[in-house]
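# Fold and contact review
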Amino acid sequence: MKAIAYYRVSTDRQGKSGLGLEAQQEAVRLFADRQGYQVTAHFTEIESGRKNQRPQLLAALAQCKKEKATLIIAKLDRLGRNVAFIANLMESKVQFKAVDNPYADELMIHLLAAFAQHERKQISTRTKDALQAAIRRGVQLGKHGKEVQCHKEREAADEFAEKMRPTVQEIQHQGITTIRAMRDELNRRQVPTYRSTAQGWHIRTVHALLKRIEASHPPLERLPKIELNG
């Protein structure tokens, strides 16, 4: 009996390292030896299980039809966690065996695919909820997460500086031009700072605010020289 082996890994890193691939190859080899199959070709897909674009799988199915061979996979979820995709595959009339369920009939395969699809949705939902919870706690999530978080922080700081601009201009027009004096006036007025956890204004936070205001608007007054003492 002829058979075609099909393997799938989710990432290019897994494909190059053999992570997950070697286990699938060993499972298929042992199954083929026990059942008396002669594996004539091997196809490896590097693709997410959520996607149905599988050129290597299509090539494997074409080879199966050509040789009247059986498609062998290590696990059912290697084909995909999508009920419609499994159904279309079954309609192709190519016989296939999943090593983890070699005697499963069509009803069992549909049920297993349905459970796999449900599991994928549950994992996706849990992952999204966990990421949102982490973001709310201020956790930076990887390189892209850091870039997104930094961009949001800059936007929020710019919006705060724009809201503070009239107050700063008013204070400057009163003749209060040094950063130390501005700090004292903002604290006297009990003007909230950008971060609610900060206890009042400080020289560095006032200086940062003025720099941000000047970055987006021509200054009405010259930026006070920073004073680090006191």
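Now for a look at the structure at hand. Note that the coordinates shown come from a computational prediction; the quantities given were computed from them, not determined experimentally. (Residues numbered from 1 in each chain as written. Predicted model: local features only at pLDDT ≥ 70, side-chain atom pairs only at ≥ 80, totals over all residues. Heavy atoms only, no water.)

## Considerations on the side chain of E185
Along the chain, E185 turns up in helix α7 (residues 179-188). Other than its neighbours up to four places away in sequence, E185 contacts I171, Q174 and I176. (Helix = DSSP H or I, 4+ residues; strand = E, 2+ residues; numbered from the N terminus. Contact = heavy atoms within 4.5 Å.)

## Side note on the pattern of salt bridges
Per the stated rule, a full pass over the model turns up eight salt bridges. D158 serves as the salt-bridge partner of R212, at 2.7 Å between the closest nitrogen and oxygen. Residue R212 is located in helix α8 (residues 203-216), and its partner D158 is located in helix α6 (residues 142-173); the two are separated by 54 residues in the primary sequence. Of the residues examined, R212 reaches a relative accessible area of 32% and is grouped as partly exposed. Classification of D158 as partly exposed rests on a relative accessible area of 40%. Close ionic contact of E162 with R165 constitutes a salt bridge, the shortest N to O distance being 3.3 Å. Of the two residues, E162 and R165 both sit in helix α6, three residues apart, roughly one turn of that helix. (Salt bridge = Lys/Arg side-chain N within 4 Å of Asp/Glu carboxyl O. Buried < 20%, exposed > 50% of the residue type's maximum accessible area, 1.4 Å probe, protein only.)

## Considerations on the environment of V28
Residue position: V28 is located in helix α2 (residues 21-35). Between the C-alpha atoms of V28 and Y6, which are 22 residues apart in sequence, the distance is 8.9 Å. Residues contacting V28, with those up to four places away along its chain left out, are A5, Y7, I72, I73, A74 and V99.

## Quick word on the packing of aromatic side chains
Taken as a whole and assessed by the stated rule, the structure comprises three aromatic pairs. An aromatic cluster is present here, built from F160, Y194 and W201 joined pairwise through their rings. (Phe/Tyr/Trp six-rings, centres within 6.5 Å; stacked < 30°, edge-to-face > 60°.)

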